[in-house]
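Overview (structure and organization)
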Amino acid sequence: MKIKILEDEVRQTFMSVTWSHKIQEKQAEIYYKKYKKWETVRIVCSALTTVGLFTLIFQIKQL
């Protein structure tokens, strides 16, 4: 009887750890998707800023 109780406890603990890991894995995927989206936005903003600076510099040189 004690072995059955111990086995049930071990199974329950294993299931909890597995479930917890799966939740963390899915949350990491969500964060990664958000990171990639914001990284793309950052790159686009950086490119627009660079183009604006070059435009400003070349317009000043022409004056």
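Position numbers for residues start from 1 in each chain and track the written sequence from start to end. The predicted origin of the model limits local features to residues at a pLDDT of at least 70 and limits the giving and counting of side-chain atom pairs to 80 or more, whereas totals for whole chains, interfaces and linings rest on all residues. Only heavy atoms go into the side-chain values, all of them from the structure, while hydrogens and water stay out.

1. Some remarks on the overall build of the chain
Short version of the rule: Counting from the N terminus, the helices are DSSP H or I runs at least four residues long and the strands are E runs at least two residues long. Every radius of gyration here is taken over C-alpha atoms, with the globule rule written as 2.2 Å times N^0.38, N being the number of residues. Throughout this description, buried means an accessible area under 20% of the type-specific maximum (1.4 Å probe, protein chains only), exposed means over 50%, and partly exposed covers the range between. For every accessible area listed, the method is Shrake-Rupley and the probe measures 1.4 Å; residues are considered covered only by the protein chains on display. By the counting scheme adopted, Arg and Lys are positive, Glu and Asp are negative, and His together with the chain ends is not counted. Lysine's charge is taken at NZ, arginine's at CZ, aspartate's at CG and glutamate's at CD.
The number of helices and strands found in the chain is 1 helix and 0 strands. Whereas a compact globule of 63 residues would reach a radius of gyration of roughly 11 Å, the chain reaches 27 Å, over 25% beyond that. If one aligns the C-alpha atoms of the chain with their principal axes, the spans along those axes are about 95 × 10 × 5 Å. Every one of the 63 residues in the chain was classed for burial, and the buried ones make up 0%. In the structure as shown, the chain presents an accessible area of about 6,400 Å², 70% of it carried by carbon and sulfur atoms. One finds the centroid of the 11 positive side-chain charges in the chain at a distance of 12 Å from the centroid of its 6 negative side-chain charges.

2. A short note on the packing of aromatic side chains
Remark: the centre distance and the inter-plane angle together describe each pair of aromatic rings, the angle taken between the planes. The line we're drawing: The rule is short: rings of Phe, Tyr and Trp, with Trp giving its six-membered ring, pair when the centres are within 6.5 Å, and they are stacked under 30 degrees, edge-to-face over 60, tilted in between.
Applying the stated criterion to the full structure yields 2 aromatic pairs. For the pair Phe54 and Phe58, a centre-to-centre distance of 6.4 Å together with 25 degrees between the ring planes defines the contact as stacked. Taken together, the residues span about one helical turn, with Phe54 and Phe58 both in helix α1 (residues 2–62) at a distance of 4 residues. On the basis of relative accessible area, Phe54 is assigned to the partly exposed category, the value being 48%.

3. As for the pattern of salt bridges
Threshold: Put simply, a salt bridge is a Lys or Arg side-chain nitrogen that is within 4 Å of an Asp or Glu carboxyl oxygen.
One pass over the full model with this rule turns up 5 salt bridges. Measuring nitrogen to oxygen at the nearest pair gives 3.6 Å for the salt bridge that ties Asp8 to Lys4. Residue Asp8 and its partner Lys4 are located together in helix α1, separated by 4 residues, close to a single helical turn. A relative accessible area of 38% means that Asp8 is categorised as partly exposed.

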